[in-house]
Structure formats: structure tokens, C-alpha cells
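Descriptive structure summary
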Amino acid sequence: QVQLVESGGGLVQAGGSLRLSCAASGSIVSSNIMGWYRQAPGKQRELVAVVDRGGDTNIADSVKGRFTISRDYAKNTVYLQMNSLKPEDTAVYYCNLYQRGSNYWGQGTQVTVSS
């Protein structure tokens, strides 16, 4: 089993910054993909940014240039630095780890951006 523990959400004004962290533990294999998804009220969950073991990233167009994803491989931790936040970034952000055909999810952390 894999456990994901997220931290760093909160309330911020438009234009502000937040940093999310997600620490993975348990049965983790070296070849995995870690990243972040988000779900706003009434909307489907969508990819925000993911990074594979080799450092290749996939970042949503809506956050390119504002959000940065990074990993600490030794700590099995993934980070999401969110700058220039907009009200439309308001959502529950979920950490994700994909390995061996299975998806694992964190409990979610609320990010609220006020205008």
C-alpha cells in the first residue's frame, strides 16, 4: 500500500503564492509518476502537473508559467509551487502517485483564492 500526506493549502488573495507538499510512504517503486490534480465545485477532477522519475513534466496550460512542480526523490516528496494565483485556481488539490498500473490519492487540500 501507498500513503500520501498533503500539506500547504489555505486561503490567499489573488496574486499571492502557496506551496503544496505531498509525502509518499509505503510500497513505492522507483518508476512512478507523482503529481497534482484539482477539483473545483461542480467540475471534474483535472490534471495540474505531474513529474516522472526522470524529471519529465506535464503541466496544464492553465497554470503554465505560474505553477512549478518539483520532486525530492530521496524523501519521496513532490511539491507544487503556485504563484500569481487566480480565483479560478480555487479547488481541492489532490496528490497522486501512479505506479504499476495503480493510482493512489491523497486526502486533498483546499486552496481558496479570493479576488
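Note: the structure precedes this text.
**Let's talk about the side chain of N96**
One can find N96 in strand β9 (residues 91–99). A polar contact of 3.3 Å, which involves the side chain of N96, links it to the backbone oxygen of Y104. When residues no more than four places from it in sequence are discounted, the contact partners of N96 are L4, I33, M34, G35, Y37, N103, Y104 and W105.

**Here's the deal with the pattern of salt bridges**
A full pass over the atoms with the stated rule returns four salt bridges. Its salt-bridge partner being R38, residue E46 comes within 2.7 Å of it at the nearest N-O pair. Assessed through its relative accessible area of 37%, E46 is described here as partly exposed. Salt-bridge contacts for R66 lead to D89; the nearest nitrogen and oxygen are separated by 2.7 Å. Of this pair, R66 sits in the loop between β6 (57–59) and β7 (67–72) while D89 sits in the loop between β8 (77–82) and β9; the two residues are 23 residues apart in sequence, bridging distant segments of the chain. Accessibility classification places R66 together with D89 in one group, the buried group. What emerges from the salt-bridge pattern is a single network uniting R38, E46, R66 and D89.

Scoring rules and cut-offs
- Residues numbered from 1 in each chain as written.
- Predicted model: local features only at pLDDT ≥ 70, side-chain atom pairs only at ≥ 80, totals over all residues.
- Heavy atoms only, no water.
- Helix = DSSP H or I, 4+ residues; strand = E, 2+ residues; numbered from the N terminus.
- Polar contact = N/O pair within 3.5 Å; in protein donor to acceptor, adjacent residues only side chain to side chain.
- Contact = heavy atoms within 4.5 Å.
- Salt bridge = Lys/Arg side-chain N within 4 Å of Asp/Glu carboxyl O.
- Buried < 20%, exposed > 50% of the residue type's maximum accessible area, 1.4 Å probe, protein only.

Geometric descriptors of this kind do not, in isolation, establish any biological role.
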